[in-house]
Amino acid sequence: MLKKISTNYAPTAIGPYSQAIVCGNMLYTSGQIPLDPDTGVLIQGDVRVQAERVMKNLKAVLEAAGTSFDQVVKTTCFLSDMADFGAFNEVYARYITSAPARSCVAVKDLPKGALVEVEVIAVVA
């Protein structure tokens, strides 16, 4: 059985998808970009500022599903410029300390001109 996860503490989806889905004891989040959850507007700033908002958005989705960053088993990270890899990692490492599996790739463009997007897969107790 699938359960949709939704919280007002993360931005609403900007397309026909859910913030996250629980299937069995696994949570699959949609990619989060640095949108302000109250306004839906892209946070301006460098990759550190945007990554901070992304991680706060993901934390809210994880908490709404009853889990946390400690239960993340896989992340997929998208950067608009691989030159931001080090700066992004500084923010990422403050939130995700359990060293889950990870992919991090540079892409041509991200929605709304974001510099970073992250999605996670986590265990739900």
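Predicted model only: the values in this text are computed from it and were never measured.

Our next topic: the overall build of the chain. Regarding its fold elements, the chain presents two helices and six strands. In summary, the chain has a C-alpha radius of gyration of 13 Å against a globular reference of 14 Å for 125 residues, a match within 12%. Overall size of the chain, expressed as C-alpha extent along the three principal axes, is 40 × 30 × 20 Å. Every one of the 125 residues in the chain was classed for burial, and the buried ones make up 45%. Taking as baseline every contact in the chain between residues at least 6 positions apart, the subset at least 24 positions apart corresponds to 67%. Accessible surface, the chain: about 6,500 Å² in total, of which carbon and sulfur atoms supply 55%. Each charge class in the chain can be summarised by its mean position, and for the 11 positive and 12 negative side chains these summaries are 4 Å apart.

A word on the environment of Tyr28. Locating Tyr28 in the fold gives a position in strand 3 (residues 26–29). Taking the C-alpha atoms as reference points, Tyr28 and Glu119, separated by 91 residues in sequence, lie 7.8 Å from one another.

This paragraph deals with the nonpolar core. Core analysis: the largest hydrophobic core is formed by 30 residues, its most contacted members being Leu27, Met55, Phe69, Phe88, Val116 and Val118. Among the secondary structure elements, those contributing two or more residues to this core are strand 2 (20–23), helix 1 (47–64), strand 4 (72–79), helix 2 (85–95) and strand 6 (116–123). The biggest single contributor to this core is helix 1, with eight residues. When sequence neighbours within four positions are dropped, the list of residues in contact with Val116 reads Gln32, Ile33, Pro34, Val47, Gln50, Ala51, Val54, Phe78, Leu79, Phe88 and Leu110.

Before going further, it helps to examine the packing of aromatic side chains. Here the distance between the centres and the angle between the planes together describe a pair of aromatic rings. This structure, assessed with the given rule, holds two aromatic pairs. For the ring pair Phe69 and Tyr95, a centre distance of 5.8 Å and an interplane angle of 65° mean the geometry is edge-to-face. One end of the pair, Phe69, is in the loop between helix 1 and strand 4; the other, Tyr95, is in helix 2, and 26 residues separate them in sequence. There is no split in this pair, since Phe69 and Tyr95 are both buried. Seen from the ring of Tyr92, Arg102 lies directly overhead, with NZ or CZ sitting 4.6 Å from the centre.

Between helix 1 and helix 2, the least distance of the axes is 8 Å, while the angle of their chain directions is 30°. It follows from the interaxial angle that helix 1 and helix 2 lie roughly parallel. Every pair of crossing elements has a handedness; the one defined by helix 1 and helix 2 is right-handed. Residues Val47, Arg48, Ala51, Glu52, Met55 and Lys56 of helix 1 form the contact with helix 2, whose participating residues are Ala87, Phe88, Glu90, Val91, Tyr92, Arg94 and Tyr95.

Taking 1.5 Å per residue as the helical rise, helix 1 with its 18 residues ought to reach 26 Å, and the 26 Å between its terminal C-alpha atoms agrees with that figure. Turning to helix 1, its buried residues number three or more, namely Val47, Gln50, Ala51, Glu52, Arg53, Val54, Met55, Asn57, Leu58, Ala60, Val61 and Leu62. In this fold, the buried residues of helix 1 make contact with strand 1 (2–5), strand 2, strand 3, strand 4, helix 2 and strand 6. At the N-terminal boundary of helix 1, the capping side chain belongs to Asp46, with an oxygen 3.0 Å from the backbone nitrogen of Arg48. At the C-terminal side of helix 1, Gly66 shows a positive phi close to 85°.

Cut-offs and rules
- Residues numbered from 1 in each chain as written.
- Predicted model: local features only at pLDDT ≥ 70, side-chain atom pairs only at ≥ 80, totals over all residues.
- Heavy atoms only, no water.
- Helix = DSSP H or I, 4+ residues; strand = E, 2+ residues; numbered from the N terminus.
- Rg over C-alpha atoms; globule rule 2.2 N^0.38 Å.
- Buried < 20%, exposed > 50% of the residue type's maximum accessible area, 1.4 Å probe, protein only.
- Contact = heavy atoms within 4.5 Å.
- Areas by Shrake-Rupley, 256 points an atom, 1.4 Å probe, with all protein chains shown as cover.
- Lys, Arg positive; Asp, Glu negative; His and termini not counted.
- Charge placed at Lys NZ, Arg CZ, Asp CG, Glu CD.
- Core = buried A, V, L, I, M, F, W, Y, C linked by side-chain atoms within 4.5 Å.
- Phe/Tyr/Trp six-rings, centres within 6.5 Å; stacked < 30°, edge-to-face > 60°.
- Lys NZ or Arg CZ within 6 Å of the ring centre and 35° of its normal.
- Axes fitted to C-alpha atoms, helices over the stretch in contact; angles between N-to-C directions.
- Parallel < 35°, antiparallel > 145°, perpendicular 65-115°, else oblique.
- Left-handed = near helix turned anticlockwise from the far one by under 90°.
- Expected span 1.5 Å × (residues − 1).
- Polar contact = N/O pair within 3.5 Å; in protein donor to acceptor, adjacent residues only side chain to side chain.

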